[in-house]
Amino acid sequence: MKKIAVLTSGGDAPGMNAAIRAVVRSSLHYNMKTYGVMDGYKGLVEDNIFELDRNHVTRIINRGGTVLGSARYPEFMEKNVQKTAADNLKKRGIEGLVVIGGDGSFKGALALSQFGIKTMGIPATIDNDIASTDYTIGFFTALDTAVSSIDKLRDTSFSHQRCSVVEVMGRHCGDLALYAGIAIGSEFIITPETGFDHDLTIKEVKASFDRKKRHAIVVVTEKMTDVNQLAKDIEKATGHDTRATVLGHVQRGGTPQAFDRVLATEMAERAVELLHLGSKQHIIALKGKEIIHIPTEEALAMKKETPAKRYGLVGQLRN
Ligand code: ADP
Ligand code: F6P
Ligand code: MG
């Protein structure tokens with residue numbers, strides 16, 4: 001293989017730039033040229049593709065976001081649109097594509113491989129919702145952001161003897177809420193895996209104040225419940241001022257922490273090595289301490305093992 005391309009797709013994640021950099025540098029090692037595609041599948045279809053050299057990726061290993069841009073582009077579900085994308089690669093003699101993104105992006109990669117493009121998927125999303133890998137690039141950086149934000153909330157919550165209800169991201173996966181909740185010592189955690197029990201939540205917060213704690217923190221995965229309403233209900237039931245905070249997109253930005261950079265670099269190296277060897281389509285993953293690769297269809301069919309089950313946690317954390 002002489003030419004490959006790389007794109008970032010779906011919600012951006014800290015560490016995507018480290019992966020782009022490692023794709024370019026590893027390709028050089030195998031005497032392959034790398035092309036960058038702007039804005040995910042949108043740029044691929046609109047032919048927004050340019051050659052990336054060593055200098056394009058200098059000093060990006062420590063930058064958040066993605067220098068290639070990312071997009072949600074539902075049009076890519078259509079076969080004729082996928083064909084246009086594959087043709088844009090083929091006309092430049094590009095045979096392989098590295099897709100850095102989440103499970104939706106990997107479905108797009110699988111579609112492209114049916115048009116003869118060899119594809120490698122690198123899992124990067126703050127949600128950690130990809131079953132085939134223990135951890136995704138960006139998860140631990142987003143977790144650190146959530147934890148440091150909730151630590152700040154606790155300062156003010158303690159001072160005013162309040163309860164804080166904090167909504168974190170995660171889409172349909174509770175990992176960010178679960179790990180953040182454990183790391184900050186929250187009173188209660190509500191995730192898609194634990195489910196939401198309104199009365200139990202209030203009971204636990206009340207019990208915590210009854211134990212003479214000056215503050216309480218409830219961590220909730222987005223979409224599980226209306227956090228403003230829950231805050232009102234807790235305030236009414238406990239008599240303690242309660243405030244809701246939605247952490248939102250700040251969780252997606254910022255400098256990638258070291259683990260995410262290392263993971264991104266190792267995964268990208270494997271992806272490029274596989275393309276060099278002529279592999280057709282795989283997803284790269286971390287299993288224990290090993291970087292592995294799994295055929296795309298097999299990886300997409302895997303079901304995520306929920307940490308909530310692993311820890312036997314259903315909300316209550318005995319704090
Ligand atoms: P993520 O990759 O983080 O899971 P999305 O689910 O938004 O994020 O997917 C990113 C993009 O991947 C979509 O906007 C679309 O362009 C493409 N995509 C998602 N699902 C499919 C699919 N079934 N077939 C083809 N392309 C898809
Ligand atoms: O997948 C990453 C993520 O940040 C999810 O946690 C969240 O549900 C979603 O993307 C938000 O998407 P958008 O950036 O389109 O608002
Ligand atoms: Mg996804």
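Residues numbered from 1 in each chain as written. Chains lettered and ligands numbered in written order. Predicted model: local features only at pLDDT ≥ 70, side-chain atom pairs only at ≥ 80, totals over all residues. Heavy atoms only, no water.

### Overview of the pattern of salt bridges
Throughout the structure, instances matching the rule amount to 12 salt bridges. The partner of aspartate 151 in a salt bridge is arginine 154, with the nearest N and O atoms 2.7 Å apart. Linking aspartate 151 with arginine 154, this pair stays in helix H5 (residues 139-159), spanning 3 residues, or about one helical turn. For arginine 154, a relative accessible area of 24% corresponds to the partly exposed category. Residues arginine 270 and glutamate 273 are paired through a salt bridge, measuring 3.7 Å at the closest nitrogen-oxygen approach. One end of the pair is arginine 270 and the other is glutamate 273, both in helix H9 (residues 258-276) and 3 residues apart, which spans about a single turn. (Salt bridge = Lys/Arg side-chain N within 4 Å of Asp/Glu carboxyl O. Helix = DSSP H or I, 4+ residues; strand = E, 2+ residues; numbered from the N terminus. Buried < 20%, exposed > 50% of the residue type's maximum accessible area, 1.4 Å probe, protein only.)

### Describing the domain arrangement of the protein chain
Split into domains, the protein chain comes out as domain 1 (3-138 + 256-301) and domain 2 (142-252). The straight-line distance from the C-alpha centre of domain 1 to that of domain 2 is 35 Å. Taken together, the contact pairs 11 residues of domain 1 with 11 residues of domain 2. Across the domain 1 to domain 2 interface the summed buried area is about 950 Å²; carbon plus sulfur atoms make up 44%. Applying the counting rule to domain 1 against domain 2 returns 1 salt bridge. Between aspartate 12 and arginine 252 there is a salt bridge, with the nearest N and O atoms lying 2.7 Å from each other. One can count 4 residue pairs in polar contact (both at pLDDT 80 or more) joining domain 1 with domain 2. Split by residue class, the side of domain 1 that touches domain 2 holds 3 nonpolar, 4 polar and 4 charged. (Domains from an automatic or database assignment. Contact = heavy atoms within 4.5 Å. Buried area = accessible area lost by both parts, 1.4 Å probe. Polar contact = N/O pair within 3.5 Å; in protein donor to acceptor, adjacent residues only side chain to side chain. Nonpolar A, V, L, I, M, F, W, Y, C, P; charged D, E, K, R; others polar.)

### Observations regarding the sheet that holds strand S2 (residues 33-37)
Spatially, S3-S2-S1-S4-S5-S10-S11 is the arrangement adopted by the 7 strands of the open sheet, whose pairing is mixed. The strands lining the two open edges of the sheet, one partner per strand, are strand S3 (49-52) and strand S11 (290-295). Geometrically, the sheet is characterised by an average inter-axis angle of 25° between neighbouring strands, direction not taken into account. Of the strands in this sheet, strand S1 (3-8), strand S4 (96-101), strand S5 (118-123), strand S10 (281-287) and S11 touch H9, which is tilted by about 145° from S10. (Pairing = 2+ DSSP bridges. Axes fitted to C-alpha atoms, helices over the stretch in contact; angles between N-to-C directions.)

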